[in-house]
Amino acid sequence: MNVISALMEIQRNPVRADGQKTSPVCWESNCLEEVCGACSMVINGKPRQACSALIDKLEQPIRLEPMRTFPVVRDLVINRERMFNALKRVKAWIPIDGTYDLGPGPRMAETKRQWAYELSKCMTCGVCLEACPNVNERSSFIGPAAISQVRLFNAHPTGEMNKEERLEALMEDGGIEGCGNSQNCVRSCPKGIPLTTSIAAINKDTTKHLFRKWLGM
């Protein structure tokens, strides 16, 4: 049984420790296979996916809390708008006209495609932001997830056309300079995405872009 299964059992019969009926706990979940990222919560003090947290592997009693980096809607339900706004800010998409056939497009080298695929595993779960000490209500830091997505889209042969726009976005307030290199993000990512490698690569790219601007190149 995982944490989501336990919450489902509680939902069927929501009773307090003193035996009194109470309102069922609210939470979010979807795939139950650690793919959608919806069931992120803090379990025994650690942000993670509830669907992969097995009851018999957890310290008892189990403590469930909402992720505090995001506004709490109710119980374990949070508002991830901060993450989605960050993706909008860095234009985490490839702006092409899909109204007609553009052909197969350029091909990526296999070695490049393999590491890019690792970055594409991001499920916008928010765990890396919760683990990062630089992401909080007093900070505008964009967070490791959006920075890694910039690396992903800038590596694509078509996405590279808007590379400078994404780098410019990360050079503004709350951009890549907000990273304190705590490396909590890469240790907590449920998909094992090399977030710190992406941050280092984008830091290099933004520095190069800045020097090119100074030199008028």
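Residues numbered from 1 in each chain as written. Predicted model: local features only at pLDDT ≥ 70, side-chain atom pairs only at ≥ 80, totals over all residues. Heavy atoms only, no water.

- Labelled according to an unreviewed UniProt entry, the chain appears under the name succinate dehydrogenase, originating from Paenibacillus cisolokensis.
- As its UniProt record puts it under Sequence similarities (unreviewed entry), the chain is described as follows: "Belongs to the succinate dehydrogenase/fumarate reductase iron-sulfur protein family." (UniProt positions renumbered as here; feature names shortened; annotations may be inferred.)

### A few points about the packing of aromatic side chains
Each aromatic ring pair is specified by the distance between its two centres and by the angle formed by the two planes.
So, point 1. A full pass over the atoms with the stated rule returns one aromatic pair.
So, point 2. Here F211 and W214 contribute two aromatic rings whose centre-to-centre distance is 5.3 Å and whose plane-to-plane angle is 85°, an arrangement assigned as edge-to-face. Placement of both F211 and W214 in helix α8 (residues 195-214) is noted, with a separation of three residues, approximately one turn of the helix.
So, point 3. Over the face of the ring belonging to W115 we find R151, whose NZ or CZ atom lies 4.3 Å from the ring centre. (Phe/Tyr/Trp six-rings, centres within 6.5 Å; stacked < 30°, edge-to-face > 60°. Helix = DSSP H or I, 4+ residues; strand = E, 2+ residues; numbered from the N terminus. Lys NZ or Arg CZ within 6 Å of the ring centre and 35° of its normal.)

### Describing the pattern of salt bridges
So, point 1. This structure, assessed with the given rule, holds nine salt bridges.
So, point 2. A salt bridge links E118 to K121; its shortest N-O distance comes to 3.0 Å.
So, point 3. Here E168 ties to K213 by a salt bridge, and the two come within 3.1 Å at their closest N and O atoms. Taken as a pair, E168 in helix α6 (residues 163-170) and K213 in helix α8 lie far apart in primary sequence, 45 residues in all.
So, point 4. We classify E168 as partly exposed; its relative accessible area is 28%. (Salt bridge = Lys/Arg side-chain N within 4 Å of Asp/Glu carboxyl O. Buried < 20%, exposed > 50% of the residue type's maximum accessible area, 1.4 Å probe, protein only.)

### Some remarks on empty space enclosed by the protein
Where empty space is left in the structure can be found by rolling a water-sized probe over the atoms.
So, point 1. Per the counting criterion, the structure on display carries two cavities of 30 Å³ or more.
So, point 2. Of the voids in this model, the largest cavity is the one considered here, and its volume is about 90 Å³.
So, point 3. Around the largest cavity, the lining residues are C122, M123, T124, C125, G126, C128, A145, C189, P190, K191, I193 and L195.
So, point 4. In terms of residue class, the lining of the largest cavity is built from nine nonpolar, two polar and one charged. (1 Å grid on protein atoms, 1.4 Å probe; cavity = no way out; pocket = protein on both sides within 12 Å on 5 of 7 lines; lining within 4 Å. Points joined across faces, edges and corners; volume = space filled by probe spheres on them. Nonpolar A, V, L, I, M, F, W, Y, C, P; charged D, E, K, R; others polar.)

### Description of the side chain of N162
So, point 1. Tracing the backbone shows N162 in the loop between α5 (144-155) and α6.
So, point 2. Engagement of the side chain of N162 in a polar contact is seen with the side chain of E165, the distance being 2.8 Å.
So, point 3. Apart from the residues lying within four places of it in its own chain, the contact partners of N162 are P95 and N154. (Polar contact = N/O pair within 3.5 Å; in protein donor to acceptor, adjacent residues only side chain to side chain. Contact = heavy atoms within 4.5 Å.)

### Topic: the layout of surface pockets
So, point 1. If you add up the space inside the largest pocket, you get close to 200 Å³.
So, point 2. C179, G180, N181, S182 and I199 are, among the 16 residues lining the largest pocket, the residues nearest its centre.
So, point 3. Among the elements that line the lining of the largest pocket, the one with the most residues is α8, at four residues.
So, point 4. Across the lining of the largest pocket, the residue classes tally to eight nonpolar, seven polar and one charged.

### Comments concerning the pairing of strand β1 (residues 40-43)
So, point 1. Alternating positions in β1 separate into two faces, S40 and V42 on one and M41 and I43 on the other, with burial throughout.
So, point 2. A loop of two residues connects β1 with strand β2 (residues 46-49), the two strands running antiparallel in sequence, and N44 in this loop sits at a positive phi of about 50°.
So, point 3. In terms of strand pairing, β1 meets strand β3 (residues 64-65) through two bridges, oriented antiparallel. In the strand pairing of β3, I43 is matched with L64. (Pairing = 2+ DSSP bridges.)

### Comments concerning the state of the cysteines
So, point 1. A full pass over the atoms with the stated rule returns zero disulfides.
So, point 2. For C26, which is in no disulfide, the shortest distance to another cysteine sulfur is to C39 and amounts to 15 Å.
So, point 3. Residue C26 is classed as partly exposed on the basis of its relative accessible area, which comes to 23%. (Disulfide = S-S within 2.5 Å.)

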